[in-house]
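Residues per chain are reported as follows:
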Amino acid sequence: MSVISSITVKVPATTANLGPGFDCIGAALTLYNKFTFTPLDGGELIIAVTGAEAERVQTDTSNLLYQAFVKCYEYIGETPPPVKMAIELGVPLARGLGSSATAIVGGLMGANQLAGAPLSELEVMKLAIAMEGHPDNVVPALLGGCRLAATSADGWEVCDIPWHGDIIPVVAIPDFELSTSEARQVLPTEFSRADAIFNTAHLGLLLRGLETGQGEWLRAALQDRLHQPYRQALIPGYDAVKGAALAAGAYGMVISGAGPTLLALVDRLHSQAVEAAMLSAWQSVGIIAVVRSLSLDTQGASYQG
Ligand SMILES: Nc1ncnc2c1ncn2[C@@H]1O[C@H](COP(=O)(O)OP(=O)(O)OP(=O)(O)O)[C@@H](O)[C@H]1O
Ligand SMILES: N[C@@H](CCO)C(=O)O
């Protein structure tokens, strides 16, 4: 029997909602966390974290990566082995770029591989959605690309959403955190018929805009009435950054996930101008940010050699 010395899983960041697709659509981005699992002969759990803000990640059993690791073993009815986990952070924490989804997907995949791969990708996906509570980060983190997830009679239907190669996602990441649970608490539990129709129509338009790259469709589509109106007040500088992005030629700007990162969709010609405009708008209200043009990650979570 071969003994596994260690397993590394690389998981992409994700941007969820894309404006009108609250809790159902998300895209994987070219920014990554890496998780290495090394079985130990015995002793205490060891969690070592490197990268920016490493000191903010829990290193005891409350760590989300470890909780996902344990969840996989619970599901297959086995006791989790003693393990050392090394976390290399590339995805900023609690910024609306799916950091929690990377930990959930990474922990489930690491455990599944160490246990001899008893779970299918579909089972890993269902466990990940159950842990996160919504599908729009964990599904693209696992599968890559842009994905839409909808409930079906016996679980989930997931489809990939074509993304035109000329559409660039520009992320403006401020230097403050906003936890997803805090950003969900400000949302109403009921909505008007007009708002439901507004989002249904705009999500439909967004899907066609993403597929074709048609600028007018994208410009109209990147609007929302289910979450953004309630969350904007949690993000100082939102109006200034949005105004600057649009003036510099972005199709639109939305809150990435639960925020506070802001996401502009832009054509190739305007991406540098939009980056500069978003950065300086945030600086003008005293907020330090990192602004980057990224690409879609098409691979999703993967085991590294
Ligand atoms: N690499 C990691 N390892 C362990 N735990 C992590 C890791 N990354 C994030 N977490 C946990 O997830 C929390 C952040 O989750 P939260 O859902 O608030 O934000 P997010 O996932 O970054 O944003 P969003 O869901 O809006 O995209 C962190 O405070 C930490 O507890
Ligand atoms: N759809 C989720 C994404 C963040 O995890 C939200 O907006 O709360």
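Every value quoted in this text rests on a predicted model; they were computed, and no experiment measured them.

Conventions used here
- Every chain's residues receive numbers from 1 upward, in the order its sequence appears when written.
- A letter from A marks each chain and a number from 1 marks each ligand, given out in the order of writing.
- Owing to the predicted nature of the model, reporting of local features is limited to residues with pLDDT of at least 70; listing and counting of side-chain atom pairs is limited to 80 or more, with chain, interface and lining totals taken over all residues.
- Excluding hydrogens and water, the side-chain figures rest on all heavy atoms present in the structure.
- Throughout, near means a residue has at least one heavy atom within 4 Å of the molecule or strand.
- We call two N or O atoms a polar contact when they sit within 3.5 Å, provided that within protein one can donate a hydrogen and the other can accept it, with sequence-adjacent residues counted only if both atoms are side-chain atoms.
- Here a cavity means grid points, on a 1 Å grid over the protein atoms only, where a 1.4 Å probe fits yet cannot get out; a pocket means an open set of points with protein on both sides within 12 Å along at least five of seven lines; lining residues are those with an atom within 4 Å of a point.
- What decides whether a molecule sits in a cavity or pocket is whether more than half of its atoms lie within 2 Å of the grid points.
- Polar here means any residue other than Ala, Val, Leu, Ile, Met, Phe, Trp, Tyr, Cys and Pro, which are nonpolar, and Asp, Glu, Lys and Arg, which are charged; Gly is therefore polar.
- Domain borders in the structure are assigned automatically or taken from a domain database.
- UniProt positions are given in the numbering used here, feature names are shortened, and annotations may be inferred rather than shown by experiment.
- Every helix listed is a DSSP run of H or I at least four residues long, and every strand listed is a run of E at least two residues long, numbered separately from the N terminus.
- Residue exposure (1.4 Å probe, protein chains only): buried if accessible area is under 20% of the type maximum, exposed if over 50%, otherwise partly exposed.
- What makes two strands pair is DSSP finding at least two bridges between them.
- With its strands directed away from the observer, a crossover is right-handed exactly when the path from the first strand over the helix to the second travels clockwise.
- All accessible areas in this document rest on Shrake-Rupley with a 1.4 Å probe, and a residue is counted as covered only by the protein chains that are shown.
- Any two residues having at least one pair of non-hydrogen atoms within 4.5 Å are treated as being in contact.
- Helix axes use the C-alpha atoms of the stretch in contact, all axes being lines fitted to C-alpha atoms, and the angles between their N-to-C directions lie in the range 0 to 180 degrees.
- What sets the label is the angle itself: under 35 degrees gives roughly parallel, over 145 gives roughly antiparallel, 65 to 115 gives roughly perpendicular, and the rest give oblique.
- By definition, any crossing whose near helix is turned counterclockwise from its far helix by less than a right angle is left-handed, and any crossing with a clockwise turn is right-handed.
- Grid points are joined across faces, edges and corners, and a volume is the space filled by probe spheres set on the points.

**What to know about the site of ligand 2**
Around ligand 2, a shell composed of Ala-16, Asn-17, Phe-22, Asp-23, His-134, Asp-136, Asn-137, Thr-180, Arg-184, Arg-231, Gly-257 and Ala-258 is seen. Contacts to ligand 2 include Arg-184, whose side-chain N or O atom sits 2.6 Å from an oxygen atom. The side chain of Arg-231 places a nitrogen or oxygen atom 2.7 Å from an oxygen atom of ligand 2. When atoms are counted within 2 Å of each cavity's grid points, the one that captures over half of ligand 2 is the largest pocket. Its residues placed into classes, the shell around ligand 2 shows three nonpolar, five polar and four charged. Formed jointly, the shell around ligand 2 draws a minimum of three residues from each of two domains, domain 1 (7–161) and domain 2 (167–293).

**Considerations on the UniProt feature "domain: GHMP kinase C-terminal" (unreviewed entry) in the protein**
Within this numbering scheme, the UniProt entry marks residues 207–281 as carrying the feature "domain: GHMP kinase C-terminal" (unreviewed entry). Helix makes up 51% of residues 207–281 and strand 13%. Its end C-alpha atoms lie 29 Å apart.

**As for the pairing of strand β3 (residues 46–50)**
Here β3 shows one buried face, formed by Ile-47 and Val-49, and one open face, formed by Ile-46, Ala-48 and Thr-50. When β3 meets strand β4 (residues 83–88), the two strands line up parallel, connected through five bridges. Across the sheet, the residue bridging to Ile-47 is Met-85, located in β4. Where the polypeptide runs from β3 across helix α1 (residues 64–76) and back to β4, its parallel neighbour, the crossover connection is left-handed.

**Description of the site of ligand 1**
Taken together, 21 residues surround ligand 1, and among them Gly-98, Ser-99, Ser-100, Thr-180 and Ala-258 come closest. Ala-258 places a main-chain nitrogen or oxygen 3.0 Å from an oxygen atom of ligand 1. Burial of ligand 1 by the protein chains amounts to 88% of its free accessible area of 640 Å². Given that more than half its atoms are within 2 Å of the pocket grid, ligand 1 belongs to the largest pocket.

**What to know about the UniProt feature "binding site: ATP" (unreviewed entry) in the protein**
The UniProt record annotates "binding site: ATP" (unreviewed entry) at Pro-92, Leu-93, Ala-94, Arg-95, Gly-96, Leu-97, Gly-98, Ser-99, Ser-100, Ala-101 and Thr-102. Cross-referencing the annotated residues with the largest pocket identifies Pro-92, Leu-93, Ala-94, Arg-95, Gly-96, Leu-97, Gly-98, Ser-99, Ser-100 and Thr-102 as lining it. Given a relative accessible area of 5%, Arg-95 falls into the buried group. Aside from chain neighbours lying at most four places away, what touches Arg-95 is Glu-53, Ile-173, Pro-174, Asp-175, Phe-176, Glu-177, Gly-259, Pro-260 and Thr-261.

**Section: the sheet that holds strand β7 (residues 167–174)**
One open sheet accounts for four strands, arranged β8-β9-β7-β10; its pairing is antiparallel. Sheet topology places β8 (252–255) and β10 (289–293) at the edges, where each strand pairs with a single neighbour. Sheet twist, expressed as the average angle between the axes of neighbouring strands with direction ignored, equals 20°. With five bridges connecting them, β7 and β10 associate as antiparallel partners.

**So, the packing of helix α9 (residues 238–247) against helix α10 (residues 271–284)**
The N-to-C vectors of α9 and α10 enclose an angle of 155°; their axes lie 8 Å apart at closest approach. As judged from the angle between their axes, α9 and α10 are roughly antiparallel. Between α9 and α10 the crossing geometry is right-handed. Contacts between α9 and α10 involve Ala-240, Val-241, Ala-244 and Ala-245 on the former and, on the latter, Val-274, Ala-277, Met-278, Ala-281 and Trp-282. The residue inventory of the contact of α9 with α10, partitioned by class, reads nine nonpolar, no polar and no charged.

**Here's the deal with the layout of surface pockets**
Reported here for the largest pocket is a volume of approximately 770 Å³. Leu-64, Leu-93, Ala-94, Ser-99 and Ser-100 are, among the 38 residues lining the largest pocket, the residues nearest its centre. Mapped by element, the contributors of at least two residues to the lining of the largest pocket are β2 (25–39), α1, α2 (99–114) and α5 (180–185). Considering each element in turn, the lining of the largest pocket owes the most residues, four residues, to α2. A per-class count over the lining of the largest pocket returns 14 nonpolar, 16 polar and eight charged. When residues of the lining of the largest pocket are sorted by domain, at least three fall in each of domain 1 (7–161) and domain 2 (167–293).

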